[in-house]
Amino acid sequence: MKNTLLGSLYLSIAASIWGGMYVVVKVVVDVVPPLELVWFRYVIALVALLIIGVATKQSWRVAKRDWLLISLIGLIGNTISIVSQEVGTMLSSAQMGAIITSTTPAFMVVFARILLKEKLTLKKAISILLATAGVCIIVGNAHIDSTNQLGGASLLLAALTWSLMSVLVKRVPGQYSQIVVTSYAILVAIVLLTPFTVGRLAEFDFQAMLQPSVWSGLLYLGVVSTACAFLLWNRGLHMLNASSGGLFFFFQPIVGTFLGWLLLGEQIGLSFWLGTLFIFIGVLLVIREK
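Figured I'd write up the structure that's included with this text.

## Focus on the overall build of the chain
Argument step 1. A tally of helices and strands in the chain yields 12 helices and zero strands.
Argument step 2. When its helices and strands are written in sequence order, the chain yields α-α-α-α-α-α-α-α-α-α-α-α.
Argument step 3. Looking at the 290 residues of the chain, the share that counts as buried comes to 54%.
Argument step 4. Across the chain, the fraction of contacts at a sequence separation of at least 24, relative to all contacts at a separation of at least 6, is 93%.
Argument step 5. Of the roughly 12600 Å² that the chain leaves accessible, carbon and sulfur atoms contribute 70%.

Following this line, the structure appears as structure tokens:
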């Protein structure tokens, strides 16, 4: 029960951080294009993780047989998913970004059943249905129209690939520190993205990055939203089964929608609070199941 509560806390904090990330991306992406934004964010995150890893004297050795799995995590989750997420958020709204990618738990249940042979209990199914219903209620107030279809498709791809990555994380041997696994996965993403970004950096407006809202946003995305949140998410997943852990992703639309209203002027109403209640009930059922 202690592991369940601690894992639940880790996952809730990580998802809440990512909910706030959508608001930050909406501000920063006007100055830093999506691909470059992901690259900068990962470079900052890798520096932060290396400092933490050295300070805590982590062992960086990984067996050859596990490199393919870690590389797939870096490709699927840290590259394809995050780039799709940034593009989708740029083409849509902070609310839409948080809401569509919150379909992640449903995809995680499917991948967990296929790859990990996890059973879908009745209580778990009810939890997912309640939380999904909560998101649908919130969506009803998100004013999503046809002009955002490309952004929505990109966000859906982000949700699908992030779900697969989250299940693959469960297959990483527990002997490795999450700091080490996260660092190597991010390094894979940097290597994959560098050929597409390095040539464009010469034309980049670095003067615009000196704006407080931009450089502080980059620091948040790199250190808090990537380094810290990825560590919390991966650690939390190892304390819960994948399908139950994914349910905590629903905290993302709550925080994303609330901050979109608070900071960007995006409208919310009674539907937001009713949807939030459904989501909390669904999460509570998963915690009590343990």
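## A look at the side chain of Asp66
Argument step 1. Structurally, the position occupied by Asp66 is in helix α3 (residues 64–91).
Argument step 2. Of the side chains with opposite charge, Arg65 lies nearest to the buried Asp66, which makes no salt bridge, at 4.2 Å.
Argument step 3. Filtering out sequence-adjacent residues up to four positions away, Asp66 remains in contact with Pro173 and Tyr176.

## Some points on the packing of α3 against helix α8 (residues 178–197)
Argument step 1. Taken N-terminus to C-terminus, the directions of α3 and α8 make an angle of 60°; their axes are 8 Å apart at the nearest point. In this view, α3 runs oblique relative to α8, as classed from their interaxial angle. When the axes of α3 and α8 are compared, the crossing they make is right-handed. The residues of α8 that touch α3, namely those facing Trp67, Ile70, Ser71, Ile73, Gly74, Leu75, Asn78, Thr79 and Val83, are Val181, Tyr184, Ala185, Ile186, Val188, Ala189, Leu192 and Leu193.
Argument step 2. Residues that form the contact of α3 with α8 fall into these classes: 13 nonpolar, four polar and no charged.

## Things to note about unusual backbone geometry
Argument step 1. The phi angle at Lys57 is positive, at roughly 55°, despite the residue not being glycine.
Argument step 2. Relative to the helices and strands, Lys57 is located in the loop between α2 (34–55) and α3.

## A word on the side chain of Asn78
Argument step 1. Looking at where Asn78 falls in the secondary structure, it is placed in helix α3.
Argument step 2. With sequence-adjacent residues up to four places away left out, Asn78 is seen in contact with Tyr42, Ile73, Ala185, Ile186, Ala189 and Phe230.

## Things to note about the nonpolar core
Argument step 1. Membership of the largest hydrophobic core comes to 67 residues, with the highest contact counts inside it found for Trp18, Tyr42 and Trp233.
Argument step 2. Every element with two or more residues in this core is listed here: α1 (2–28), α2, α3, α5 (104–115), α7 (149–169), α8, α9 (212–239) and α11 (251–264).
Argument step 3. Sequence-distant contacts of Tyr42, defined by excluding residues within four places in its chain, comprise Asn78, Thr79, Ile82, Ile186, Ala189, Ile190, Leu193, Thr226 and Phe230.

## Digging into the packing of aromatic side chains
Argument step 1. As enumerated under the stated definition, the model contains seven aromatic pairs in all.
Argument step 2. With centroids separated by 6.0 Å and ring planes inclined at 80°, the aromatic side chains of Trp60 and Tyr184 adopt a geometry described as edge-to-face. Of this pair, Trp60 sits in the loop between α2 and α3 while Tyr184 sits in helix α8, placing them 124 residues apart in sequence.
Argument step 3. For Trp60, a relative accessible area of 25% translates into the label partly exposed.
Argument step 4. A connected cluster of aromatic rings, assembled from ring pairs, spans Trp18, Trp162, Phe230 and Trp233.

## As for the environment of Met165
Argument step 1. Among the structural elements, Met165 can be located in helix α7.
Argument step 2. Judged by its relative accessible area of 2%, Met165 falls in the buried class.
Argument step 3. For Met165 and Met108, which are 57 residues apart along the polypeptide, the C-alpha to C-alpha distance reads 9.1 Å.

## What about the packing of α1 against α9?
Argument step 1. Contact geometry for α1 and α9: axes closest at 8 Å, N-to-C directions at 155°. Judged by the inter-axis angle, α1 sits roughly antiparallel to α9. Helix-helix and strand crossings are classified by hand; for α1 and α9 the assignment is left-handed.
Argument step 2. Of the residues contributing to the contact of α1 with α9, the split by class is 23 nonpolar, seven polar and one charged.

## Here's the deal with a nonpolar patch on the surface
Argument step 1. Taken together, the side chains of Leu68, Leu72, Leu75, Ile80, Leu157, Leu160 and Leu192 make up a nonpolar region of the molecular surface, amounting to roughly 530 Å² of accessible area.
Argument step 2. Counting only elements with at least two residues in the nonpolar patch, the list comes to α3 and α7.
Argument step 3. Ranked by residues supplied to the nonpolar patch, first place goes to α3 with four residues.
Argument step 4. Secondary-structure assignment places Leu72 in helix α3.
Argument step 5. The exposure class of Leu72 is partly exposed, given its relative accessible area of 33%.

## Remarks on empty space enclosed by the protein
Argument step 1. The full count for this structure, using the stated rule, is two cavities of 30 Å³ or more.
Argument step 2. Size it by volume and the largest cavity reaches roughly 80 Å³.
Argument step 3. At the level of secondary structure, the elements contributing two or more residues to the lining of the largest cavity comprise α1, α3 and α7.
Argument step 4. Looking at the second largest cavity, its volume works out to about 70 Å³.
Argument step 5. Lining the second largest cavity are Ile73, Asn78, Trp162, Met165, Val169, Val181, Thr182, Ala185, Phe230, Trp233 and Asn234.
Argument step 6. At the level of elements, α3, α7, α8 and α9 are the ones that each hand at least two residues to the lining of the second largest cavity.
Argument step 7. Class assignment for the residues of the lining of the second largest cavity results in eight nonpolar, three polar and no charged.

The rules behind each value
- Residues numbered from 1 in each chain as written.
- Predicted model: local features only at pLDDT ≥ 70, side-chain atom pairs only at ≥ 80, totals over all residues.
- Heavy atoms only, no water.
- Helix = DSSP H or I, 4+ residues; strand = E, 2+ residues; numbered from the N terminus.
- Buried < 20%, exposed > 50% of the residue type's maximum accessible area, 1.4 Å probe, protein only.
- Contact = heavy atoms within 4.5 Å.
- Areas by Shrake-Rupley, 256 points an atom, 1.4 Å probe, with all protein chains shown as cover.
- Lys, Arg positive; Asp, Glu negative; His and termini not counted.
- Salt bridge = Lys/Arg side-chain N within 4 Å of Asp/Glu carboxyl O.
- Axes fitted to C-alpha atoms, helices over the stretch in contact; angles between N-to-C directions.
- Parallel < 35°, antiparallel > 145°, perpendicular 65-115°, else oblique.
- Left-handed = near helix turned anticlockwise from the far one by under 90°.
- Nonpolar A, V, L, I, M, F, W, Y, C, P; charged D, E, K, R; others polar.
- Core = buried A, V, L, I, M, F, W, Y, C linked by side-chain atoms within 4.5 Å.
- Phe/Tyr/Trp six-rings, centres within 6.5 Å; stacked < 30°, edge-to-face > 60°.
- Patch = residues over 30% accessible without salt bridge, like charges linked within 9 Å, V, L, I, M, F, W, Y side chains within 5 Å.
- 1 Å grid on protein atoms, 1.4 Å probe; cavity = no way out; pocket = protein on both sides within 12 Å on 5 of 7 lines; lining within 4 Å.
- Points joined across faces, edges and corners; volume = space filled by probe spheres on them.

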